[in-house]
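Letter by letter, the chains look like this.
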Amino acid sequence: MKLNALKLAVLSLGTASALVSLPAHAGKTVDAIKARGQLVCGVNVGLAGFSAADSAGAWTGLDVDYCKAVAAAVLGDATKVKWVPLTAQQRFTALQSGEVDVLSRNTTNTLSRDASLGLHFVGVNYYDGQGFLVNKGKITSAKQLKGATVCVQSGTTTEKNLTDFSRANKLNIKAVVFEKLEASTGAYFAGRCQAYTTDASGLASIRAKEAKVPADHVILPDLISKEPLGPMVRRGDDEFFAISKWVLNGLIEAEEYGITQANVDQMKTSTDPQVGRMLGSTEDLGKHLGLDKEWLARSIKAVGNYGEMFERNVGPKTAINLPRGKNNLWSAGGFMYASPLR
């Protein structure tokens, strides 16, 4: 081997070794979160099962649980979250401007959003598709909506999808557009529109929460789009992006390994090497994120694994009554597949 090539090989090996062993700093966003003692989380103004406040101001939902898990990982306390309700039009500006640290608000990952807003999608916490809510009766398929009036909220992928679906199928659907969710759903239930359209999970939430008689309204079986929903953070802080991403992956992988909110402390003594890595009892994965070794154990103890979050907030035993379906683990026929924590 020539001398220059030998030097390059030695340098490469040294660099690789440094990259493997170098602990991470948590980054400027985490520094700001720790300084204020709160994670600031942007959520929906009110979508039952995903993010909604009760009469006492307590927030619950699948998106809410994600922010609680991040707060537990970073601050050691899932209650240290400031909730900022955001409309569809406000959400991206709020994250871009630094008004919120993370956006966890049933938001679809699309190319234009991911590439042009200065924001990063963390991952998918709910696989969905756009559907239609109609009065129970003659309409059994979305393609029967020819010439129909359909209520829709502006500033969403839903509005564009509706236009594309109508044009592609020559349906001449008349969109009735509203800025606020409450206005669009209110118009549908008042009879101003023959259908209401949004993500199917949202339709289930709206039907359960707002319909006087939920059984009088049906969600058509047609899904006209792919809607992978998930949290977002700002670009430019790779450290916080990594934390946000691995909290989500960790909650999914916890379900794979049977780690629950109830048994997480007991599982720290597991002889399974992967469980030991995840819970910090045999390895310290937290150092790569600028966190301590029990970051994920705290997150799981705060909200449970992904399956527990799903069942508690939107599952068949809730008023939302959504099946796991595509949101099952990959090993159970669904799409939920966590990158490995190792």
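What you see is a predicted model; the values in this text were computed from it and never measured.

1. Some points on empty space enclosed by the protein
No. 1: Tallied over the entire structure, the rule returns one cavity of 30 Å³ or more.
No. 2: Of the volumes computed, that of the largest cavity is approximately 230 Å³.
No. 3: Surrounding the largest cavity, 21 residues form its lining, Asn 106, Gln 153, Thr 156, Thr 198 and Asp 199 being those nearest its centre.
No. 4: Mapped onto the lining of the largest cavity, the elements with two or more residues apiece are strand S9 (149-153), helix H6 (157-168), strand S11 (195-199) and helix H8 (200-210).
No. 5: Considering each element in turn, the lining of the largest cavity owes the most residues, four residues, to S11.

2. Some details on the packing of aromatic side chains
No. 1: Under the definition given, this model contains nine aromatic pairs.
No. 2: Ring geometry for Tyr 126 versus Phe 310: centroids 6.1 Å apart, planes at 5 degrees, classification stacked. Note that Tyr 126 is positioned in strand S7 (residues 126-128) and Phe 310 in helix H13 (residues 306-313), a separation of 184 residues in sequence. As far as burial versus exposure is concerned, Tyr 126 and Phe 310 are alike and both buried.
No. 3: Here the aromatic residues Phe 50, Tyr 126, Tyr 306 and Phe 310 are joined through ring pairs into a cluster of three or more.

What counts, and where the lines are drawn
- Residues numbered from 1 in each chain as written.
- Predicted model: local features only at pLDDT ≥ 70, side-chain atom pairs only at ≥ 80, totals over all residues.
- Heavy atoms only, no water.
- 1 Å grid on protein atoms, 1.4 Å probe; cavity = no way out; pocket = protein on both sides within 12 Å on 5 of 7 lines; lining within 4 Å.
- Points joined across faces, edges and corners; volume = space filled by probe spheres on them.
- Helix = DSSP H or I, 4+ residues; strand = E, 2+ residues; numbered from the N terminus.
- Phe/Tyr/Trp six-rings, centres within 6.5 Å; stacked < 30°, edge-to-face > 60°.
- Buried < 20%, exposed > 50% of the residue type's maximum accessible area, 1.4 Å probe, protein only.

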